[in-house]
Amino acid sequence: MNEYISLSLILFTIGAVGVLVRRNAIIVFMCIELMLNATNLAFVSFSRQHGNLDGQVAAFFVMVVAAAEVVVGLSIIVSIYRARRTTSVDDANLLKS
Amino acid sequence: MLDLQWLLIAIPLASGALLLVWGKESDRFGHLIGTAASAASFVLGAIMFAELLGENAEERSHAVSLFTWIDAGRFHVEMTFVFDQLSALFVLLITGVGTLIHVYSIGYMAHDERRRRFFAFLNIFIAAMLTLVLAGDYLVLFLGWEGVGLASYLLIGFWQHKPSAAAAAKKAFVVNRVGDLGMALAIMLMFAQFGTSAIEAVNAAAPGATDTVTTSLGLLLLLGACGKSAQVPLQSWLLDAMEGPTPVSALIHAATMVTAGVYLVVRSNAIFDASEVARNAVIVVGLVTLLAGAWIGCAKDDIKKALAGSTMSQIGYMMLAAGLGPAGYAFAIFHLITHGFFKANMFLGAGSVMHGMDDDVDMRHYGGLRSMMPVTFATFGLGYLAIIGVPPFAGFWSKDKIIEAAFGQNFWVGLGALLGAGVTAFYMTRLMIMTFLSEKRWREEVHPHESPRVMTWPLIALAALSAVGGILLLGDWVSEWLEPVVGHAEHHELAVPAIVLTLIITLVVAVGVVAAVVFYRREPIAAETPSSVSIFARAGRHELYGNELNEAVVVRPTRHLTRFLVWLDGKGIDGFVTGVADRLGDTSQFLRKPQTGLVRSYALTMFGGVAIIILCLLAVTLA
Amino acid sequence: MILTILAATPIAGALILALLPRGRTDHLRAKVVALGVALITLALSLVVLARYEPTSGGYQMTEEHSWIEAFGAHYSVGVNGIAITLILLTTILVPIVILASFDDRLPDPRGTNAYFAWMLAVEGLAIGAFAATDAFLFYILFEATLIPLYFLIGSFGGPNRSYAAVKFLIYNLVGGLLMLAAIVGLYVVSSRQGDASFLLTDLQDLEFSQTTERLLFLGFMAAFAIKAPLWPLHTWLPDAAGQATPGTSVLMVSVVDKIGTFGMITWCLNLFPEAADWASPVIITLAVVSIVYGALLAIGQDDIRRLIAFTSVSHFGFIILGIFAFTTTSMAGSTLYMFNHGLSTAALFLVTGVMISRRGSARIDDFGGVQKIAPILSGVFLIAGLSSLSLPGLAPFVSEFLVLAGTFTVSIPAAAVATLGIVLAALYILIMYQRTMTGPLAPGAEGVTELRPREIAALTPAIMLIIGLGFFPQPVLNAINPAVETVVSHIGKTDPTPKTPTPIDAPAAEEGGH
């Protein structure tokens, strides 16, 4: 059991560090997905451990939200790229152009 | 017929409104409609007067309430009009002289493209003035009071393209408003004290009120009267008002409107009877104005302004008489009527002179007009004899009675009035000499000529009235007629018999005439205003520095106050508001600093925050 | 039902206008639709008037539904004499304003639909606020009027419009916030004394502790005093009026600001009579200061629109003075003054609006001698001006005199100082008239041409009413009197009796009074 939790922690940390250090918006985005999936893994593990389905339900919710987020987030990134020819999150520090 | 007094007002009002609204096509006959309306009012007024004559003395007051004007809370005002002995005389004066002046204006304003509007304003004036004298309630009187003020404003400023005329009109209105302040407060005081502002009710209640109330009422009404009648200290607008067309000066600023203050005092006789302080104030105001106006009349070279000074002075006589109480009310009204005749006559005469002199008003450019304008000269001469008080002309009777009554009150007051009579003779003789007698001083290009008939006929009619107006006094008719309205006059015992006093007055008048003749016939009159003159003449020319005084005491401080307040409003009050807003803005600028817009620093803050929360939770659970 | 329909009609009209496709060039369709809706509303308000029974002082045509039960808010409307007067003022002015605004040059002509839609929205919300008899509903509508006005000033005004609009909005929101706190306070008090309710009739019966009542009164009063505006809370008005279009200024000053003075009577006095009595000396002082201060500031202005705004500060001073003098005479005068001031200010704003748009400048010095080329324009301007200086024979005189006469019976100094306002009023109006209309024609003012027929058509009703009500104010006063008597007796005041009553019966007493 601990292995699953440890893996989840490691994945989450990788994602968090990635969000903090990388500039490319796509990669930041992937890192966020990584963190979400790490939590999903933790949910499912705990669900298994406790023997009920609550964690699995939560994981499904996270997946749905993550899918929606990808749709909105990617389209924002694409439109920022179109407008500014860059995907660096540091360059997009103003809401107005 | 006697209940139709509203029609007296309605006819000229309707005509005035019609002339204002009707388009250009009525330019050809608008003046005829206006004149006809005024004449119709006069005819109606004369018929009503005749009916009044046929009634018993006690039943000659006819009140008609048309509708409820205002009714809110305890405040109740009926649109009431009263046709009684006093208002009947005024109706005849206003519509009679008014109609003559309408006729005269047909000629005088013939070449003015806005003549129709001029007649509309004149009609509105007649309607407002009739409202003033027929009103049965002080608030209705106030309606007429402000109505004549509006008409006066419109007519003084009739030639609006002249900045001086526009300024004079505004000045007249604003100075009058200061007087109106007194009127308005007086009406409020009546309402608070007596619960009504109906004239009859107030007069009935006044004897029962405390001295403070009657004195305040009297002084407040006097303030109103001072504004409208150009009495000191609110006299300054009248001379400027001469910017208006001359018929306006004759009708409004000589014969009718400016005497409204006298009417007000006489109408409110119960209030003044109840307060000696207020009566004395009226006497002082009258006496001071009488002398001040005469002084100004002596110094002015502008024929209309000299006449305006004379008007001030003569109204001073009326005020003085009105301040004498029941002894003087009837004589005040009597002088008011005779003055209406001869002063309107002389103003119209002056207009006729100006008409012939290309609108020049400077008497130093006149001289020797006697032969050029015989009718004007003859009619003006009759007015002259009337105003200085040569027996048997109208002014003699009325002024004689006032001076007599003044001596009955107080020796010094009488002496002041007597002195005024002498000065009147002096300045009027000066005016006659400079205008009609002496040698000619007009320039080559001016061709003096007599005015057309439409202008001379009213002159002749008014001259005739000036000559015979004194018959009203026959058998003390005017006193008896007005007695039910103003109360019975007990007769004062004089130190000398009345006939001796009359002789003294006539003598003083003769001295004034002779002095003027000696002074102005001694050497030829300069065609330009001499600059080196005595301090008295200079003061007179500057209208006794009344304007300068107003400027220094009222106008300039107000202007500075206004400027200061504008500054205060912008920098102080609004400055505070915007200051608060600016400080808030500064605060948010400061708080904005951490919001760099860098996503990664936000993320770091988030993680940091989460870490701290988890640490805290751990600390709590472990502890 | 009729009141709801009356308030909903202009709102519906506004929605229709917003959905209407934009016109190509002249946007005539939007203007005609807006005018039509305003006229329908006017007709409906006349129906309301016809069904109104003027001799009763209570609320009529009432309608009540439970709205938010959780805190006792109701949808509850009804009109008394005061409310119906102001509703009529609104429905009369809006068609005039719309007709007069046909040619307004907007910063972006594509916004024409929105411009007229917002105007109708103001009308509907104002009618609702006048008719509301539930404190919560009133608060919502009172605040909601800010939205259309904010857009009217901020989108369609002069060059400095954003500043003016934001200042207007924030200033009024601050007042609204204080009022919201008081509304919450009312809920707390009300729920402690049984079921919570915001109905006027229920609130009137509440028992307050002295401090609570005073605090709640101040909360309401702050909002109304800013709206009215009372010195020294007036500085938003000149800025807003100086930037707004004439039509917007009319809606703001003549209609929406009246909700402030209306609220003082209907809400402050009815809910917190003792606190109102406690505060009245201060408010009377501020009102008198407003009168003189506004008039002096008006004299010192060189922008026509700011000048008119300051005259309104002075006139609102009179209205507030009359309300807090607590006599039936002065309060009836104040209510009538709200109506008359609405008319005269509307006429003044609209006629100067014509001048300003033709000259392209609002500076007084840029005019001069206009009378010669535009006599009708100057005549209308003079009548509007004279009504503003309360010339007897024109409507505002009656109301001003009632206010002064009523105040005089309770406070001679206040009335005496306030009367100074009539002298100052003559100064500011006549100086403006002299500088713009008389003298030789100023260079650059040649373009100020005569009023066009449509402008005359818009202004004539206002001028006719100003003259007509000057002589026959009684129809309006008959509706106002019973309502005002109810309020005055509710606050436990009686009019001072005359000290030495006249021995003669006034003519009215013989006829049995009116």
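Residues numbered from 1 in each chain as written. Chains lettered and ligands numbered in written order. Predicted model: local features only at pLDDT ≥ 70, side-chain atom pairs only at ≥ 80, totals over all residues.

**What about the overall build of chain A?**
Thinking step 1. Broken down by element type, chain A carries three helices and zero strands.
Thinking step 2. The C-alpha atoms of chain A give 16 Å as radius of gyration, which overshoots the globular expectation for 97 residues (13 Å, by more than 25%).
Thinking step 3. Principal-axis analysis of the C-alpha atoms places the extent of chain A at approximately 50 × 25 × 15 Å.
Thinking step 4. Considering only contacts within chain A whose residues lie at least 6 apart along the sequence, 45% involve residues at least 24 apart. (Helix = DSSP H or I, 4+ residues; strand = E, 2+ residues; numbered from the N terminus. Rg over C-alpha atoms; globule rule 2.2 N^0.38 Å. Contact = placed C-beta atoms within 7 Å.)

**Considerations on the overall build of chain C**
Thinking step 1. Each helix and strand in chain C was counted, giving 21 helices and two strands.
Thinking step 2. Relative to its length of 514 residues, chain C is compact, with a C-alpha radius of gyration of 22 Å against a globular reference of 24 Å.
Thinking step 3. Projected onto its principal axes, the C-alpha coordinates of chain C cover approximately 65 × 60 × 40 Å.
Thinking step 4. When the 514 residues of chain C are sorted by exposure, 62% land in the buried category.
Thinking step 5. Considering only intrachain contacts with a sequence separation of at least 6, the fraction spanning at least 24 residues in chain C is 81%. (Buried ≥ 20, exposed ≤ 12 C-beta atoms within 10 Å, placed from the backbone.)

**Digging into the interface of chain A and chain B**
Thinking step 1. Of the residues lining the interface, seven residues belong to chain A; the matching set on chain B comes to eight residues.
Thinking step 2. Its residues assigned to classes, the side of chain A that touches chain B comprises five nonpolar, one polar and one charged. (Nonpolar A, V, L, I, M, F, W, Y, C, P; charged D, E, K, R; others polar.)

**Some points on the packing of helix 9 (residues 210–227) of chain C against helix 12 (residues 273–299) of chain C**
Between two packed helices, what matters for the description is the angle formed by their axes and the separation of those axes.
Residues and elements named next belong to chain C.
Thinking step 1. Direction vectors running N to C along helix 9 and helix 12 enclose 75°, while the axes themselves pass 9 Å from each other. In terms of their interaxial angle, helix 9 and helix 12 are classed as roughly perpendicular. Within the contact between the two elements, helix 9 uses E213, R214, F217 and M221 and helix 12 uses E274, A275, A276, W278 and A279.
Thinking step 2. The class makeup of the residues in the contact of helix 9 with helix 12 is six nonpolar, no polar and three charged. (Axes fitted to C-alpha atoms, helices over the stretch in contact; angles between N-to-C directions. Parallel < 35°, antiparallel > 145°, perpendicular 65-115°, else oblique.)

**As for the interface of chain B and chain C**
Thinking step 1. Counting from both sides, the interface comprises 55 residues of chain B and, opposite them, 54 residues of chain C.
Thinking step 2. Where the side of chain B that touches chain C is concerned, the elements lending two or more residues are strand 1 (62–72), strand 2 (75–83), helix 5 (138–156), helix 6 (163–194), helix 7 (199–205) and helix 23 (546–592) of chain B.
Thinking step 3. In terms of residue class, the side of chain B that touches chain C is made up of 30 nonpolar, 14 polar and eleven charged.

**Details of helix 8 (residues 211–228) of chain B**
The α-helix advances 3.6 residues per turn, and as a result positions three or four apart in sequence lie on the same side.
Residues and elements named next belong to chain B.
Thinking step 1. For helix 8, with 18 residues, the first-to-last C-alpha span of 26 Å sits near the 26 Å given by 1.5 Å per residue.
Thinking step 2. Of all 18 residues in helix 8, 15 are buried; the element is thus mostly enclosed.
Thinking step 3. Once helix 8 finishes, A230 follows within two positions and takes phi at roughly 55°, a positive value. (Expected span 1.5 Å × (residues − 1).)

**Describing unusual backbone geometry**
Excluding glycine, residues mostly carry a negative phi; peptide bonds, for their part, are mostly trans.
Thinking step 1. P391 of chain B connects to P392 of chain B through a cis peptide bond whose omega is 5°.
Thinking step 2. Looking at the element boundaries, P392 of chain B is found in the loop between helix 16 (374–388) and helix 17 (394–409).
Thinking step 3. Cis geometry is adopted by the peptide bond preceding P232 of chain C, which originates at W231 of chain C and carries an omega value of 0°.
Thinking step 4. Examined against the element boundaries, P232 of chain C turns out to sit in the loop between helix 9 and helix 10 (236–243).

**Thoughts on the confidence of the model for chain C**
Thinking step 1. Taken as a whole, chain C shows an average pLDDT of 90; of its residues, 97% reach a score of 70 or greater.
Thinking step 2. Throughout residues 506–514 of chain C the model reports pLDDT below 50, and contacts reaching past four residues in sequence, or to other chains, amount to 15 contacts. (pLDDT = per-residue confidence, 0-100.)

**As for the packing of helix 17 (residues 395–410) of chain C against helix 18 (residues 412–437) of chain C**
Residues and elements named next belong to chain C.
Thinking step 1. Between helix 17 and helix 18, the least distance of the axes is 6 Å, while the angle of their chain directions is 150°. In terms of orientation, helix 17 lies roughly antiparallel with respect to helix 18. Between helix 17 and helix 18, the residues in contact are L404, T407 and F408 and I412, A414, A415, A418 and T419, respectively.
Thinking step 2. Among the residues making up the contact of helix 17 with helix 18, the classes are represented as six nonpolar, two polar and no charged.

**Re the environment of I303 of chain B**
Residue and element names in this part refer to chain B.
Thinking step 1. By secondary structure assignment, the location of I303 is in helix 14 (residues 303–323).
Thinking step 2. Accessibility expressed as a C-beta count within 10 Å gives 27 for I303, which makes it buried.
Thinking step 3. Residues I303 and V361, spaced 58 residues apart in sequence, show a C-alpha to C-alpha distance of 5.7 Å.
Thinking step 4. Contacts of I303, omitting those with residues within four sequence positions, involve A350, V353, V361, M363, L431 and T435.

**Considering the pairing of strand 1 of chain B**
All names here are of chain B.
Thinking step 1. Bridge count for strand 1 against strand 2 is eight bridges, and the pairing is antiparallel. Bridged to S65 within strand 2 is T80.
Thinking step 2. Where strand 1 folds back on strand 2, the antiparallel hairpin that results is connected by two residues, among which G73 adopts a positive phi of roughly 60°. (Pairing = 2+ DSSP bridges.)

**Looking at the pairing of strand 1 (residues 60–68) of chain C**
Thinking step 1. In this sheet, strand 2 (residues 73–79) of chain C lies alongside strand 1 of chain C in antiparallel orientation, the contact comprising six bridges. Note on strand 2 of chain C: the bridge partner recorded for E64 of chain C is S76 of chain C.

**Describing the environment of V478 of chain B**
All names here are of chain B.
Thinking step 1. Looking at the element boundaries, V478 is found in helix 20 (residues 477–486).
Thinking step 2. Taking the C-alpha atoms as reference, V478 lies 8.0 Å from F331; in sequence the two are 147 residues apart.
Thinking step 3. With sequence-adjacent residues up to four places away left out, V478 is seen in contact with A330, I333, F334, L472 and L473.

**As for helix 10 (residues 246–255) of chain B**
All names here are of chain B.
Thinking step 1. The buried fraction of helix 10 is high, at ten of ten residues.
Thinking step 2. Of all the residues in helix 10, the buried ones are T246, P247, V248, S249, A250, L251, I252, H253, A254 and A255.
Thinking step 3. Among the structural elements, helix 3 (85–108), helix 4 (115–134), helix 5, helix 9 (236–240), helix 14 and helix 15 (326–356) are those in contact with the buried residues of helix 10.

**Regarding the environment of T529 of chain B**
Residues and elements named next belong to chain B.
Thinking step 1. Secondary-structure assignment places T529 in the loop between helix 21 (498–521) and helix 22 (535–541).
Thinking step 2. Classification of T529 by C-beta neighbours within 10 Å gives partly exposed; the count is 13.
Thinking step 3. Here the alpha-carbon distance between T529 and I9, two residues 520 residues apart in the chain, equals 45 Å.
Thinking step 4. Those residues in contact with T529 that lie beyond four places of it in its chain are D301 and R364.

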